Amino acid sequence: MKIVIGNDHAGFELKGAIVTCLAGQGHEVIDCGSFTTESMDFPVSVKRVITKLRELDDALGILVCGTGVGMSIAANKYDGIRAALVHDLFTARMTREHNDSNVLCLGARVISEDDALNIVNTWLSSSYLGGKYDVRNKMIRDIEVTEQC
Ligand SMILES: O=P(O)(O)OC[C@H]1O[C@@H](O)[C@H](O)[C@@H]1O
């Protein structure tokens, strides 16, 4: 699967571990993040990841900063992006099955590398269930369309 990943300075190390893990599993990982621990503004990485996601078919995104909060807020401003901030395995599965999330946000200063890798693997191996969740997701989509500013 194609995975577009991005990070800021706080997410640099964890991003590297995720890239290594996913590449080792045979995924095509496109790294649009920053490549140093030098302080940078995470919305820049978010924009690069979303731009690349829009060029690709069937790709998923992963964003890593200190808490994952800022990146999830920024990513959800983009049309068609359903970004989920996840720090546990249950939510990792639910947000794919129920919300059809297409971007995973992680906080490198919140969870361990092991936990993050387990979350990434759970998220990637879970699938959207559709059905009644389509109704709810369409309601969210309607907000995006009608509240556009
Ligand atoms: O290292 P500094 O710039 O203090 O904090 C940046 C981090 O704090 C939060 O806003 C974000 O998670 C970002 O990654």
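For every chain, the first residue of the written sequence is number 1, and numbering continues from 1 onward in sequence order. Selection of residues for local features in this predicted model requires a pLDDT of at least 70, selection of side-chain atom pairs for listing and counting requires 80 or more, and totals for whole chains, interfaces and linings are taken over all residues. Side-chain figures throughout are based on the complete set of non-hydrogen atoms in the structure, without hydrogens or water.

S.K.: I'd like a description of the overall build of the protein chain, backed by residues and values.
M.R.: For helices the rule is a DSSP run of H or I covering at least 4 residues; for strands it is a run of E covering at least 2, with both sets numbered from the N terminus onward. Each helix and strand in the protein chain was counted, giving 6 helices and 5 strands. Listing each helix as α and each strand as β along the protein chain from the N terminus yields β-α-β-α-β-α-β-α-β-α-α. Principal-axis analysis of the C-alpha atoms places the extent of the protein chain at approximately 40 × 30 × 30 Å. Throughout this description, buried means an accessible area under 20% of the type-specific maximum (1.4 Å probe, protein chains only), exposed means over 50%, and partly exposed covers the range between. Taken over 149 residues, the protein chain has a buried fraction of 44%. In what follows, residue pairs with any heavy atoms lying within 4.5 Å of each other are defined as contacts. A separation of at least 24 residues holds for 68% of the contacts in the protein chain among residues at least 6 apart in sequence. Only carbon and sulfur atoms are counted for the fraction: they give 53% of the accessible area of the protein chain, which is about 7800 Å². Residue-level accessible areas treat just the shown protein chains as cover; the underlying method is Shrake-Rupley with a 1.4 Å probe.

S.K.: Tell me what's going on with the UniProt feature "active site" (unreviewed entry) in the protein chain, and back it up with residues and numbers.
M.R.: Per the UniProt record, "active site" (unreviewed entry) is found at C65 and H98. The named residues occupy 34 residues along the chain; their greatest pairwise C-alpha distance, 24.3 Å, places them well apart from one another. The topology assignment puts C65 in strand β3 (residues 60–65). Non-local contacts of C65, meaning those with residues more than four positions away in its chain, are made with D8, A10, G11, M71, L106, G107, A108 and R109. UniProt positions are given in the numbering used here, feature names are shortened, and annotations may be inferred rather than shown by experiment.

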